[in-house]
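Chain residues, written in single-letter form:
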Amino acid sequence: METSPTSDAGAGAPFAHRHLLGTETLSRGDIEQILDLADGYVDQNRQTDKKNGLLRGRTLINLFFENSTRTRTSFELAGKRLGGDVINMSVSTSSIKKGETLIDTAVTLNAMHPDVLVVRHGDSGAVQLLAEKVNCAVINAGDGSHEHPTQALLDALTIRRRKGRIEGLNVAICGDVSHSRVARSNIHLLNTMGARVRVVAPPTLLPAHIDRLGVDVHHNLAEGLVDCDIVMMLRLQTERMAGSFVPSMREYFYFHGLDYDKLRAAKPDALIMHPGPMNRGVEIDSEVADDIDRSAIHEQVEMGVAVRMACLELLARDQNAPWTRNQS
Amino acid sequence: MTAANAAPRRVFRNARLIDPASGLDDKGAVLVNPDGTIADLGGHVVVDSIQEDIQTIDCGGHALVPGLVDMRVYSREPGDEYMETLKTLSRAAVAGGVTTLACLPNTDPVIDDVSLLQFIQRRAATVGLVNIHAYAAATKALAGKELTEYGLLAENGAVGFTDGGRVIADALVLRRALAYASIFGRPIVQHPEEPSLARDGVMNEGETATRLGLAGIPAKAEVMIIERDLHLVELTGGRYHVANLSTAEGIDAIRRAKARGLPVTCDTAPHYFALNDSAVTDYRTFAKVSPPLRGEADRLAVIAGLADGTIDAIASDHAPRAQDSKRLPFAQAEAGVIGLETLLPLTLELVHAGHLTLDRAVAALTWCPADILALPAGRLAVGAVADFTLINLTIAGRVDVSRFRSKSKNSPFQGRPVEGRVTRTVRAGETVFDVDAAEAG
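As the structure is a computational prediction, the values presented were derived from the model and not from experiment.

(A) Structural detail: the nonpolar core. If you look at the biggest cluster of nonpolar residues, it comprises 100 residues, and the most contacted ones within it are Leu 101, Phe 161, Ile 188 and Phe 273 of chain B. By size, the runner-up hydrophobic cluster in this structure holds 71 residues, among which are Leu 26, Ile 34, Leu 55 and Val 116 of chain A.

(B) Geometry of the sheet that holds strand 14 (residues 240-242) of chain B. All names here are of chain B. Ordered in space as 9-10-11-14-15-16, the 6 strands form an open sheet in which the pairing is parallel. Of all the strands in the sheet, the pair left with one neighbour each is strand 9 (136-137) and strand 16 (313-314). Relative to strand 14, strand 11 (residues 188-190) runs parallel, the two being bridged by 3 bridges. Bridge pairing in strand 14 links Gln 190 to Val 242. Sheet strands touched by helix 8 (residues 220-236): strand 11, strand 14 and strand 15 (264-268). Its angle to strand 14, the strand with the most contacts, is close to 170°.

(C) Geometry of the packing of helix 5 (residues 171-182) of chain B against helix 8 of chain B. All names here are of chain B. Their axes nearest at 9 Å, the elements helix 5 and helix 8 cross at an angle of 40°. The angle between helix 5 and helix 8 falls in the class oblique. Helix-helix and strand crossings are classified by hand; for helix 5 and helix 8 the assignment is right-handed. Side by side, helix 5 and helix 8 meet where Ala 171, Leu 174, Arg 175, Leu 178 and Ala 179 of the first sit next to Arg 228, Asp 229, Leu 232, Val 233, Leu 235 and Thr 236 of the second. Its residues assigned to classes, the contact of helix 5 with helix 8 comprises 7 nonpolar, 1 polar and 3 charged.

(D) Just the interface of chain A and chain B, in detail. Contact with chain A, which involves 24 residues of that partner, is made by 16 residues of chain B. Taken together, the two surfaces of chain A and chain B that pack against each other cover about 1600 Å², and 54% of this comes from carbon and sulfur. Interface area lost by chain A to chain B is led by Asp 123, Ser 124 and Ala 208 of chain A, which between them contribute 24%. Across the salt bridge formed by Arg 212 of chain A and Glu 207 of chain B, the nearest N and O atoms sit 3.9 Å from each other. Where chain A touches chain B, the interface holds 7 residue pairs in polar contact (both at pLDDT 80 or more). Broken down by element, the side of chain A that touches chain B gets its largest block of residues, 5 residues, from helix 3 (residues 98-110) of chain A. Across the side of chain A that touches chain B, the residue classes break down as 8 nonpolar, 9 polar and 7 charged.

Cut-offs applied
Along each chain, residues carry numbers from 1 onward, in the same order as the chain's sequence is written. Whichever chain is written first becomes A and whichever ligand is written first becomes 1, with later ones labelled in order. This being a predicted model, a pLDDT of at least 70 is required before a residue's local features are given, and a value of 80 or more before pairs of side-chain atoms are given or counted; all residues contribute to the totals for chains, interfaces and linings. Based on all heavy atoms of the structure, the side-chain values leave hydrogens and waters out of the count. To define a nonpolar core, start from buried Ala, Val, Leu, Ile, Met, Phe, Trp, Tyr and Cys residues and group those joined through side-chain atoms within 4.5 Å. The buried label applies to any residue whose accessible area, calculated with a 1.4 Å probe on protein chains only, is under 20% of its type's maximum; exposed applies above 50%, and partly exposed to all values in between. When DSSP locates at least two bridges between a pair of strands, those strands are taken to pair. A helix here means a DSSP run of H or I that spans at least four residues, while a strand means a run of E at least two residues long, and both kinds are numbered starting from the N terminus. Two residues form a contact once any of their heavy atoms are found within 4.5 Å. Angles shown run from 0 to 180 degrees and are taken between the N-to-C directions of axes, each axis being a line fitted to C-alpha atoms and, for helices, limited to the stretch in contact. Comment on the angle field: the value is read as roughly parallel under 35 degrees, roughly antiparallel over 145, roughly perpendicular from 65 to 115, and oblique elsewhere. Should the near helix be turned anticlockwise from the far one by less than a right angle, the crossing is left-handed, and should it be turned clockwise, the crossing is right-handed. The nonpolar class holds Ala, Val, Leu, Ile, Met, Phe, Trp, Tyr, Cys and Pro. Asp, Glu, Lys and Arg form the charged class, and all remaining residues, Gly among them, are polar. Once two parts are joined, some of their accessible surface, as seen by a 1.4 Å probe, is lost; buried area is that loss totalled over both. What makes a salt bridge here is a side-chain nitrogen of Lys or Arg within 4 Å of a carboxyl oxygen of Asp or Glu, nothing more. Any N or O atom pair separated by 3.5 Å or less is treated as a polar contact, with the protein-specific requirement of one donor-capable and one acceptor-capable atom, and with residues adjacent in sequence counted only for side-chain atom pairs.

Dropping the structure here:
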């Protein structure tokens, strides 16, 4: 049963980008195009038969230089539900110097004629570098501390479905902004969509001049949450907890962990989000995270598959892509 | 012996003679002795070449300046000859109008021993195109711990002591280096970057770094080291030279130190006044340098520092890199740009834009660096070696890296419009580069 809003990857309005490398370069129209299409996929994914044939015969390679379970699985499902062939590649980065393999790997994979490469890499800019060396579409599944565009898009879809809009909402992004690609992608996207964005973190976890990205800066969580519609918590990596960026886990939770007490400052219907995986008791209290009335964390995961299906469909519309040319 | 085999007397006529050291800027000619020294120069030099059997070179009215002196060059030989050799380095130098250069000790092996210093000198003599001098490492293996043999190295021609692109971080080591080098009259050359503050950084801290998700190095990392070092200069009286000055605060610190009469000099490189940190947008690894390209206010401060003489010299900081080491994610890529063949045109940009007088620009490329390293170069004077460079100051063109002589091509200036080019380079009276011959070839 074909339940996709479109029945052919060539139909529908073309997408303005060959790759999806970040949200900084997406226009409001681009974002709405993705979210509108993703809405349809949310419905399709709730059917018994979740599959259509849009990507039939096409190959998607998940190329992950960093460990990931959820993002990789989400892309894998998205590709398979569109009828594409999906291959997962995890490249070990421990044994060999990372960079030596990057372009070699790109060129090697390119010779196998994939149609989409989904890439995660630990270095900022690595996915863009790889995109310059291949003929197929590339989706950035996270590059260093730079961008993670599909995460921001799935967050936007979650917000839009829950709140009916993005424009004018107060959004607080809280935690390790400095090392977070999720934070950067969300800041760009939310600003483009007309939300008012603030970041809340201790100064050691904020990059220099973050205000120039168009956000208000707060160091106190309760103050930062005043009048908020959306509370986005970020994951704090364990290696950054022990004395380097923050003195200890318990001190971090005491001042920057989200609990009901601090949440009182936000609007009563404020939505709580987290890109996962969560550190319970570090950046977020378990009770808050599991509050089905307030927390959208599981919904985010569901939206993730739909948004990635929309992105794959739109990139497959690229009339200049080599595989499309070959077919015509 | 026949007259035909001996070097003839030569006259370079119809030139605009510019010698900032003596204040000369006048139309005239240079007469060169058979031994390669300057016999006479100026507007009064008129030679009847037919009667006196003199070879005449018409300079076409172009500027004739002392051969450029580049006080900071990474030779890559020995050890990394696939990036550059002393031969390709010399060919790049003369194409850039440079007749005298000083090689940094960051080779493999490190130049931290008399025998290695002599190796460089022997190889340089074999190539023979330019005057190649060498620094010796300030500390053994550039490890920042033990001093090298300053006395023996100085006697064997080391022009100064430096750990090149590495900061001498330990205050006690630097104190002893300054104190000990002072008895041999050689400067200690510092790479000014506080290493623990800069530790994870790969570019200048600021909005661009934040957007790119790259770890930043604050500009303060430079002035912190400079100000600490200035206290050690006061303590020891040693000669101290700061390389690659790139920040407003660092320049201010040097300005104040000079005003207090401390024995302090400094240089910068063209990329610090020609580019700012927006050049690394899109993760352009060719614009990755150390210290990193700074913000616009710092770039303007570098220009102001050159104009008022706080910054004594402009050095290319020529750092050849293999393509493979640049075609990497930004954080993993090596730092460094080649600079010998863009040193002059980028400096002339400041002259054409009205920021520097031609006299000041040429001084920063000639006698100023020569004097810092006590090199017999950088001046047009009777009796001096006839090293000079002819420059067409106004010809427009674009930087074309594919024509560079350097073995590596890591320049961020490809395609940049420039005004002014070297037309001929003369070392000891002999033409070692001629743009017409180069273009024909």
